[in-house]
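# Fold and contact review
Here is what each chain is made of, one letter per residue.
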Amino acid sequence: MTNHFDSVCAAYRCLLRGSCPSQSPGDLAAAVVPGLCGVVPVRDRHSDCPCQSKGSSDSQSCSVTSSELSCVTLTLLDKISSSLMSQSMPPEVSSYLMEVHRVLNQEMHVMAKLVHQFRAEDQLISHLAAKTVSTYIVCELQMSGTLNPVWQQTCVQVFHKPSPCNELEACMWSLTDVLKKLLKGCHEEILGRLLAAFDPSLSALYSTFLPQESTELRQCEVDFTNTGHWETTACALLDLLEVLTASRLTCPAGVSLQSQRLTVIHASALLRMADSSLKYFVKKRVLLLLKNTLLHKAGEDAASGAPSASGPTDKLLSADMMALADSVLQALSANWLQRVEVEAAASFFGGSSRARGDGGQKPDYVMLRAVSLLVLKAMELKILSAGGAGVGCAVEVHGYLLALSGFLRQRGVPLKEASHRCCWFSLLFGEQDDDMMEAAKALLSMFQHHRRSSGLHGVAAAEAACASGGNPHCHFLLLLHNISFDHSILLDFLISSETCFLEYFVRYLKHLRADWAGFTFACQRIEVSDRHHALTALCDGDAAPLSDKHETGTWFGQDQVQSNLSVQPTALTPAGDDCSLTRGLRLVDYGSSEESDIEDMDVSEDSQETGRGNMGPGLSVSEEGRLSGLAVKQATSGLPVFTAQAECKPSDSTARAQTEPSSALERGTRGLYPLASQSGQTSCPNTTPLSRRMPHPGSETCTRAVLCLSELREVVMRLQMKKLFPYNPLSLLKLLAQIETLNCSHNPSEGNK
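Residues numbered from 1 in each chain as written. Predicted model: local features only at pLDDT ≥ 70, side-chain atom pairs only at ≥ 80, totals over all residues. Heavy atoms only, no water.

### Thoughts on the overall build of the protein
Convention followed: Strands are runs of DSSP state E lasting at least two residues, helices are runs of H or I lasting at least four, and both sets are numbered from the N terminus onward. Think of it in three bands: with a 1.4 Å probe and only protein chains considered, a residue is buried below 20% of the maximum accessible area for its type, exposed above 50%, and partly exposed in between. Any two residues whose heavy atoms approach within 4.5 Å are treated as being in contact. For every accessible area listed, the method is Shrake-Rupley and the probe measures 1.4 Å; residues are considered covered only by the protein chains on display.
Each helix and strand counted, the protein has 31 helices and zero strands in total. Within the protein, buried positions represent 51% of all 753 residues. Across the protein, the fraction of contacts at a sequence separation of at least 24, relative to all contacts at a separation of at least 6, is 78%. Put simply, the protein shows about 33100 Å² of open surface, and 52% of that area lies on carbon and sulfur atoms.

Laid out in structure tokens, this is it:
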């Protein structure tokens, strides 16, 4: 055994160096076979070692066990197959490995010995065997295009009569790994043939573990979940299910196979798994799979190298997504949300320990986002399938939103700390950009459908949407608040392909163009919410949650506050440091190239301190309430404060005036509320300082939002003129210019002062 072990190790070291082993191909193949003949029981491991009777120091050289020999042998075989597959070796080494591969395959029948290792009691050996087999299968498929019949027959037999064990998990893992490698390599034809070969057996496998009826599922739990393998088996089932779904979305092959539709076919059983007695991490995996399936993002990591299908030929895909959405909504109607478990977030990444002495632990937001986005996307698909108007459907959607809000409140989301119902969107999705954009897009579709079906328009429709937390104008303004109205972050979103921001942004701008009254109403509501939190902080001395006397029994506390109070930064974002932080950090520095115009995008330290500004002793709370945020700065510092004005008409970015700040306060003010002349806007004469006039409710938020969009239009235009923008932005630029013109037409006083 020691000789075989030394030969295998020496050959592996030679391959790592990129050289041929000293043995002939036949000798190396012969040295490999003993390591695949099975694991010797523990009590017999050293019985065949001649050194054991000597009791000498030579006994250490015979301490190699059959388990160690098996692990080293499997590692060597995996290295041989991966080297042939990648063609990374020199020609003479590749020829040598091809001969070894031929001898092992034709003379030694190595595949039968490899799949026999699937049954090993040692899980490490079973997993290494599955890994080696998957590499071997892909290598054969690429070289000869043939599917190994021994591996296929073994997996098919196990899938037809499954029971949780190492052999079943190894079969599923090897098939999953083969599918992942084919997806990354874009081998669409080979992938189709492989799936067709396993289609009936995979359908039988999932019908056993995920039956359609709940009574059958309970019987399955009695049979399987009591075994120690069940959690591992469930995770292997979910991994394979995700890759099968990804194969349908990435490489559609005409009519989809039943194995590619298993997530939809067994959606009801998967939803029942999510509220069953299984371990929490398994239920979390189930919900993430369902969410990604509805978002067409299943198996993104597995298919990262494969191009997504531009025009899917799978005619059943849309119908299947609708069926999955119907399953989710039916579960909602049956009080499924109330049975979904959400644990407290772990105190460290990937761990299960909880922070000690912390009475206010946060819930698991990954789980909450998965459930919420699953519900929102299902409602969006339901609305799109309904097509036209329908009051009944609108009432149904409103009821689902209320059910979702109750679920979030019961699971620990601090909704009562917000004074505006739409703030749940930012509280829940603010930490995950891709989920935020998907949720915003779904909520926009739901709002537009509700407006059509209810017959409400303008302010009336906005009020109804705010009552259920579904106003898309509020969601967009909250997004701008969270990024401190920084247009460069919006630019990062536009250029990045990691989110659906471009699709959402274009749809929202079209909606904004047609619903300006709803937008101004949302600006007022957001400012009312900010003032409410600001006054609460002033009265309590900190940003404590709202007292009980302000709560109304709905999701949030009282949201009716006097509209003549000053606007403060949003309660969801710190007022001082967060603004400077988000403006200072961006994915790409678009002003760093030599051809780019110089822009002062940062906030100086002096201006940060000024922005934090402590209130002077001469100001009472009532006087502070009558002043805007900038007026308070002027009253406490005695220095002039510059204000932002809305653009009167779209202007040429090349004709804008460049002004240099004369003080740290001016630089800081320009970072928070940029001057019109700095953003390419036409500054109007005789402008009245903000401290000397009282802005109408919502004007400051509206001005900052339009100013942010104006700055975004200019930087996109500059990049497009220099041919640095990754796609044609003309339609986007036209929409942004129309928003600026629309703002001027509704606010002529800001351009005529």
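### Let's talk about the packing of helix α4 (residues 91–107) against helix α6 (residues 123–143)
Formally: An axis is simply a line fitted to the C-alpha atoms; with a helix, the fit covers only the stretch in contact. Between two such axes, the angle follows the N-to-C directions and lies from 0 to 180 degrees. Orientation labels follow simple angle bins: below 35 degrees gives roughly parallel, above 145 gives roughly antiparallel, 65 to 115 gives roughly perpendicular, and whatever is left gives oblique. Think of it as three bins: nonpolar holds Ala, Val, Leu, Ile, Met, Phe, Trp, Tyr, Cys and Pro, charged holds Asp, Glu, Lys and Arg, and polar takes everything else, Gly as well.
Orientation of α4 relative to α6, taken along the N-to-C sense of each, is 110 degrees, at an axis distance of 13 Å. Between α4 and α6, the angle falls in the class roughly perpendicular. Contact residues: M98, H101 and N105 in α4; Y136, E140 and M143 in α6. Considering only residue class, the contact of α4 with α6 consists of three nonpolar, two polar and one charged.

### Side note on the side chain of K297
The topology assignment puts K297 in the loop between α14 (280–294) and α15 (317–333). Residue class for K297 comes out buried when judged on its relative accessible area of 14%. Residues contacting K297, with those up to four places away along its chain left out, are L249, N292, D434 and E438.

### A look at the nonpolar core
Our working rule: What is meant by a nonpolar core is a set of buried Ala, Val, Leu, Ile, Met, Phe, Trp, Tyr and Cys residues, joined one to another through side-chain atoms within 4.5 Å.
Counting residues in hydrophobic clusters, the biggest one holds 181 residues, and the most contacted among them are W151, F159, W336, L376, W424 and F505. Of all the elements, helix α16 (residues 365–386) adds the most residues to this core, at 13 residues.

### Brief notes about helix α31 (residues 730–746)
Spelled out, the test is: By definition here, a helix of n residues has an expected span of 1.5 Å times n minus one.
Compared with the 24 Å implied by 1.5 Å per residue over 17 residues, the 25 Å span of α31 between its first and last C-alpha is a close match. Among all positions of α31, only L732, L733, L735, L736, A737, I739, E740, L742, N743 and C744 are buried.

### Looking at the packing of helix α1 (residues 2–17) against helix α3 (residues 66–86)
We count it as follows: Handedness of each helix crossing follows the sense of rotation of the near helix against the far helix: counterclockwise by less than a right angle gives left-handed, clockwise gives right-handed.
Packing of α1 against α3 brings their axes to within 10 Å, and their N-to-C directions diverge by 30 degrees. As summarised for this structure, α1 and α3 are arranged roughly parallel, according to the angle between their axes. Like other packed secondary-structure pairs, α1 and α3 cross with a definite hand, here left-handed. Contact residues: α1 offers H4, F5, V8, C9, A11, Y12, L15 and L16, while α3 offers E68, L69, V72, T73, T75, L76, K79 and I80. Class assignment of the residues belonging to the contact of α1 with α3 gives a composition of 11 nonpolar, three polar and two charged.

### Some points on the environment of H746
Here H746 is to be found in helix α31. Looking at H746, the relative accessible area reads 45%, which means it is partly exposed. Taking C-alpha positions, H746 is 9.4 Å from A517, a pair spaced 229 residues apart along the chain.

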